[in-house]
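# Examination of the molecular architecture
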Amino acid sequence: MQSTQEPADIAVIGAGIVGSALAYYLSNNNKTKKIILVDRSLTPLNGSTGHAPGFVGQYNDSAILTRLARDTVQEYTTIPGGFDTIGGIELATSQTGAERLQRRYDSARAAGLPAELISPEEAARMAPALIKKEDVTSALYFASDGAASATCITRFYQDEARARGVECIEADITGIHKDGNGRVDGVNTGTAGFIPAKTVILATGIWAPELLPNIDTPIPIVPVAHPYMYGPYHDQKKVPSPWIRWPDHHVYARDHGPFYGLGSYNHAPVAQEPKDTAIGEWISEFDNTLKDALGFIPPETGLTPRETFNGIFSMTPDNLPLVGEVPGLEGVYLAAAVWVTHAAGTARFLCDVLEGKEVDGEIKRGLDPGRFAGRDGKTLRKVALGGYNEIYRVGGAEL
Ligand SMILES: Cc1cc2nc3c(=O)[nH]c(=O)nc-3n(C[C@H](O)[C@H](O)[C@H](O)COP(=O)(O)OP(=O)(O)OC[C@H]3O[C@@H](n4cnc5c(N)ncnc54)[C@H](O)[C@@H]3O)c2cc1C
Ligand SMILES: *[C@@H]1O[C@H](CO)[C@@H](O)[C@H](O)[C@H]1NC(C)=O
Ligand SMILES: *[C@@H]1O[C@H](CO)[C@@H](O)[C@H](O)[C@H]1NC(C)=O
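Since we're looking at a predicted model, the values are computed, not measured. (Residues numbered from 1 in each chain as written. Chains lettered and ligands numbered in written order. Predicted model: local features only at pLDDT ≥ 70, side-chain atom pairs only at ≥ 80, totals over all residues. Heavy atoms only, no water.)

### Here we look at the sheet that holds strand β8 (residues 146-148)
The strand order across the open sheet formed by three strands is β3-β8-β4, and the pairing between neighbours is antiparallel. Every interior strand has two partners, whereas the edge strands, β3 (55-56) and β4 (83-84), have only one. Relative to β8, β4 runs antiparallel, the two sharing two bridges. Across the sheet, Phe83 pairs through a bridge with Ala148, a residue of β8. (Pairing = 2+ DSSP bridges. Helix = DSSP H or I, 4+ residues; strand = E, 2+ residues; numbered from the N terminus.)

### Describing the sheet that holds strand β17 (residues 279-280)
Here we have nine strands laid out as an open sheet, ordered β6-β7-β5-β14-β15-β16-β13-β18-β17, and mixed in their pairing. Each edge of the open sheet carries a strand with a single partner, namely β6 (116-118) and β17. The sheet contact formed by β17 and strand β18 (residues 307-315) spans two bridges and is antiparallel. For Gly280, the partnering residue across the bridge sits in β18 and is Asn310. Along the sheet, helix α3 (residues 95-110) makes contact with β5 (88-92), β6, β7 (138-142) and β14 (243-246), crossing β7 at roughly 25°. Each of β13 (222-230), β15 (251-255), β16 (260-264) and β18 touches helix α6 (residues 285-294); the most contacted strand, β13, lies at about 55° to it. (Contact = heavy atoms within 4.5 Å. Axes fitted to C-alpha atoms, helices over the stretch in contact; angles between N-to-C directions.)

### Focus: the packing of aromatic side chains
A full pass over the atoms with the stated rule returns 20 aromatic pairs. Between the aromatic rings of Tyr230 and Phe309, the centroid separation amounts to 5.5 Å while the plane-to-plane angle is 55°, which identifies the pairing as tilted. Separated by 79 residues along the polypeptide, Tyr230 in strand β13 and Phe309 in strand β18 bring together distant segments of the chain. This pair shows no difference in class: Tyr230 is buried, exactly as Phe309 is. Here a set of aromatic residues connected by ring pairs shows up, and it is made of Phe55, Tyr228, Tyr230, Tyr233, Trp243, Tyr252, Phe259, Tyr265, Phe309, Phe313, Trp339 and Tyr388. Of note, Arg40 hangs over the ring of Trp207, and the distance from its end group to the ring centre comes to 5.0 Å. Sitting over the face of the ring of Phe259, Arg306 holds its NZ or CZ atom 4.7 Å from the ring centroid. (Phe/Tyr/Trp six-rings, centres within 6.5 Å; stacked < 30°, edge-to-face > 60°. Buried < 20%, exposed > 50% of the residue type's maximum accessible area, 1.4 Å probe, protein only. Lys NZ or Arg CZ within 6 Å of the ring centre and 35° of its normal.)

### Thoughts on the UniProt feature "transmembrane region" (unreviewed entry) in the chain
Summarizing the sequence annotation, UniProt attributes the feature "transmembrane region" (unreviewed entry) to residues 7-26 in the numbering used throughout. Note that residues 7-26 is 50% helix and 30% strand, and that its end C-alpha atoms are spaced 16 Å apart. (UniProt positions renumbered as here; feature names shortened; annotations may be inferred.)

### Thoughts on the packing of helix α1 (residues 17-29) against helix α7 (residues 343-354)
At a closest axis distance of 9 Å, the pairing of α1 and α7 adopts a crossing angle of 45°. Here α1 is positioned oblique relative to α7, judged by the angle of their axes. Here α1 runs over α7; the crossing is right-handed. Where α1 abuts α7, its residues Ile17, Val18, Ala21, Leu22, Tyr25, Leu26 and Asn29 lie against Ala343, Ala344, Ala347, Arg348, Leu350, Cys351 and Leu354. Classifying every residue of the contact of α1 with α7 by side-chain character gives twelve nonpolar, one polar and one charged. (Parallel < 35°, antiparallel > 145°, perpendicular 65-115°, else oblique. Left-handed = near helix turned anticlockwise from the far one by under 90°. Nonpolar A, V, L, I, M, F, W, Y, C, P; charged D, E, K, R; others polar.)

### Let's talk about the pattern of salt bridges
A full pass over the atoms with the stated rule returns 14 salt bridges. The residue Arg245 makes a salt bridge to Glu90 at a minimum N-O spacing of 2.6 Å. Taken as a pair, Arg245 in strand β14 and Glu90 in strand β5 lie far apart in primary sequence, 155 residues in all. Each member of the pair, Arg245 together with Glu90, is buried. Ionic pairing is found between Arg164 and Glu160, a salt bridge with its closest N-O pair at 3.1 Å. Using a relative accessible area of 25% as the deciding quantity, one classes Arg164 as partly exposed. Here the salt bridges share partners, and the residues they tie into one network are Arg67, Asp71 and Asp360. (Salt bridge = Lys/Arg side-chain N within 4 Å of Asp/Glu carboxyl O.)

Spelled out as structure tokens, the structure:
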């Protein structure tokens, strides 16, 4: 279909937390450019963003991720209702686990993040309903970590972007369109015809591989299933508990205010073909995964599943997102496999790249979507999927 509309300078596809942050930062600096933000569902948010409990732990073995997370928290704390600095506690339940927390403490301090080794009693005082003191050998407290309200942050970015002239369009993108020279000139949609654009950014989360069919370089983004549960409602505590994580056991808990939430990575990884939302069908083995996880919660708390769901998010072979220009697709950029924890920092980074600013070379290479060139796609997918059980394994070593 031929269109007479003025082409967008930049079309951001996907209005989850990543695409919305991009629209916001791009429009901040480019008041004269035409920027559009396109999603097949602006309301509700059908991607991972709409379902993330929002744990933000800034310290990571990867210096790049630590840097992006710190940049991100700095941004989120300026958004009304966006970030609650409730802190996070990691618990060890064995000698090996305690040694690992010690190493993690040392590295976090060396990276300049507030971290404190506290006694099991102190930890239990901060989260009495979530910690069985007698199980704990060691506890590590990260005071500046917290909970991001991913939907609130996303709405904020969208509203601000709109106020700066960004057009938000509800449409299903069916493909990227190239001109005769092989450069992108727009996107095709299911219902809104052809949308011309000079630059296209794919911020389509777990669906990112779908719009990138014919390139030689593998783009190993693997959507995976993850069980999470909400507990029964209770009277809200005056001060919310910090996040609690049991890295040795791949389990974490959140105080949502009026109820507790619990998630676990302690199951065989399951790759998922996402349909139209980031919620997959419930997998029956997940009943046992959550039952085991509930074993870490004091029985007096009475935590039982009121609601369970299988939330889908992306894994990559090296745990790093894919952010930058797509090899072999001039004018097409990717910002995918980005966690809520890193979204604002990542969006700001890509914004700098697009504006031709000087960026940190190490970050650029680390996130480069072309970094897996020449490698076997099937093997890469396997590695990415295998990483699922490492998500909470701190320090990398086997138990
Ligand atoms: C259960 C669960 C727990 C999680 N826990 C945490 C956590 O504690 N901490 C953390 O940091 N992260 C967590 N995550 C991960 C986090 O949610 C995601 O990494 C993040 O939300 C990804 O944001 P996004 O904007 O890239 O993707 P999404 O939010 O998925 O947005 C992508 C958007 O693209 C749109 N789209 C896709 N294809 C098309 C198309 N062809 N045409 C038009 N629109 C399209 C979709 O509709 C969607 O709105 C969790 C995820 C889940 C599911
Ligand atoms: C978004 O999710 C809702 C609820 O699951 C669903 O009914 C709707 O079809 C989805 N929208 C799109 C565009 O996929
Ligand atoms: C580092 O970040 C990645 C991506 O968010 C995550 O999968 C991994 O578990 C983190 N590592 C630690 C030790 O927190």
